[in-house]
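Listed below are the residues making up each chain.
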Amino acid sequence: MKLLTLPGVEQGSAPAQAAGFIDVHLHCFTGSAWAQQVLEQSAELRRQGFSHVVAIGMVNTRLSYDEVRTLIPGWVENRGNPQYHELDELLEHARRSEGFIIPLVDTRYLWGDVASTLSGYLEQGVRGIKGIWLTDNNDIGVKGVPETFGITSEEYRRREWEIFSYAQENDLPLLYHMDAREHADTMAAMMQDFPRVRVNFPHFGIGRKPFSKILDDHPGVYTDMANLISHLRKNPESYRDFIIHYQDQVCLGSDAFLYDMGSIVQYLEALRGLGLPEEVLHKVCSVNPRAFLGKALP
Ligand SMILES: [Zn+2]
């Protein structure tokens, strides 16, 4: 990684911890064999002005490889637990990083009673929750959760509602992947039932147009630009306007994997390339991620 002039930070004034950048959206896919690389890349990001990254780890307590693989996009290169039971190793990476890596549990394969299962993960050290709305018709082209689990859509909906309820009641950040182009009504229903939940619907809600209404109606909803770097570069004016308009709701997010955190810096560069005002950059990279994470920050 090369050194950059850092956007959005008044260098030398505010303490690094308070002003540091936070990427709210990484995935684990990284086993203990990569522990040294994770530490080195974390140290490099710290040097570049980052104070934290949020990393998501899956739990898989009952599905076979073939069953579990159908819920992950084909392009993902997994360098972690072959059954995608990642949490133990993610928590180990987080411990070694001394607070730099903030671990979230991915509830895609959550099985059993939602509240007691999540409480168990929190006791182990998880700081927040990741979810994904994966019905049989979904934007990442994978098999849905109801079909994979052999449950009805109603049972699936109930499980996701319990996840939202748990996040709201326990004041936890919830990163929830959902496609507003197909599921805006369900999204709106979730927000109506859980108006106090601190949720980030990432990837600009997959479709900015249908998602804008959610952002307008719920000023406490966050979003991020994870996995959208090519779109930012291709269409800078449009994304610049969007980010300025929703400057109190957009967070820096990359979708990077823990074994390849160098790509996070490319997101900073892409944001800088949009020509955003310094104040807006500071909100996106530091202020909004802190507000979204709340007490999940160490
Ligand atoms: Zn993601």
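Residues numbered from 1 in each chain as written. Predicted model: local features only at pLDDT ≥ 70, side-chain atom pairs only at ≥ 80, totals over all residues.

- Per an unreviewed UniProt entry, the chain carries the name Amidohydrolase 2 and comes from Citrifermentans bremense.

Observations concerning the overall build of the chain
Now for step 1: Scanning the chain from terminus to terminus reveals 13 helices and nine strands.
Now for step 2: Against the 2.2 N^0.38 benchmark of 19 Å for 298 residues, the chain shows a C-alpha radius of gyration of 18 Å, consistent with a compact globule.
Now for step 3: Considering only C-alpha atoms, the chain reaches an extent of 55 × 45 × 35 Å along its principal axes.
Now for step 4: Taking all 298 residues of the chain together, the buried fraction comes to 46%.
Now for step 5: Nonlocal contacts in the chain, meaning residues at least 24 apart in sequence, comprise 79% of its contacts between residues at least 6 apart. (Helix = DSSP H or I, 4+ residues; strand = E, 2+ residues; numbered from the N terminus. Rg over C-alpha atoms; globule rule 2.2 N^0.38 Å. Buried ≥ 20, exposed ≤ 12 C-beta atoms within 10 Å, placed from the backbone. Contact = placed C-beta atoms within 7 Å.)

Some remarks on the packing of helix H5 (residues 114-124) against helix H7 (residues 153-169)
Now for step 1: Close contact between H5 and H7 brings their axes to 10 Å; oriented N to C, the two are set at 50°. The angle between H5 and H7 falls in the class oblique. The two elements H5 and H7 meet at a crossing, and its hand is right-handed. Counted together, Val114, Ala115 and Leu118 of H5 and Arg159, Glu162, Ile163 and Tyr166 of H7 form the full contact between these two elements.
Now for step 2: By residue class, the composition of the contact of H5 with H7 is five nonpolar, no polar and two charged. (Axes fitted to C-alpha atoms, helices over the stretch in contact; angles between N-to-C directions. Parallel < 35°, antiparallel > 145°, perpendicular 65-115°, else oblique. Left-handed = near helix turned anticlockwise from the far one by under 90°. Nonpolar A, V, L, I, M, F, W, Y, C, P; charged D, E, K, R; others polar.)

Topic: the sheet that holds strand S3 (residues 101-106)
Now for step 1: One open sheet accounts for seven strands, arranged S6-S5-S4-S3-S2-S1-S9; its pairing is parallel. Two strands in the sheet have a free side with no partner beyond their single neighbour: strand S6 (199-200) and strand S9 (256-257).
Now for step 2: Here strand S4 (residues 128-132) pairs with strand S5 (residues 174-177) via four bridges, running parallel. If you follow Lys130 over to S5, its bridge partner there is Leu175. (Pairing = 2+ DSSP bridges.)

Focus on the environment of Leu39
Now for step 1: You can see Leu39 is positioned in helix H2 (residues 35-47).
Now for step 2: Separated by 57 residues in sequence, Leu39 and Arg96 place their C-alpha atoms 7.5 Å apart.

Digging into H2
Now for step 1: Compared with the 18 Å implied by 1.5 Å per residue over 13 residues, the 19 Å span of H2 between its first and last C-alpha is a close match.
Now for step 2: Looking at the buried residues of H2, the elements they touch are strand S2 (50-58), helix H4 (87-96), S3 and helix H12 (263-273).
Now for step 3: Within two residues after H2, Gly49 carries a phi angle of roughly 105°, on the positive side. (Expected span 1.5 Å × (residues − 1).)

Describing unusual backbone geometry
Leaving glycine aside, a negative phi is the common case for residues, and trans is the common case for peptide bonds.
Now for step 1: A positive phi angle, near 55°, is found at Asp171, a position not held by glycine.
Now for step 2: We classify Asp171 as partly exposed; it has 13 C-beta atoms within 10 Å.
Now for step 3: Notably, His203 is not glycine yet its phi reads approximately 55°, a positive angle.
Now for step 4: With respect to the element layout, His203 can be found in the loop between S6 and helix H9 (208-217).
Now for step 5: A tally of 23 C-beta atoms within 10 Å means that His203 is categorised as buried.

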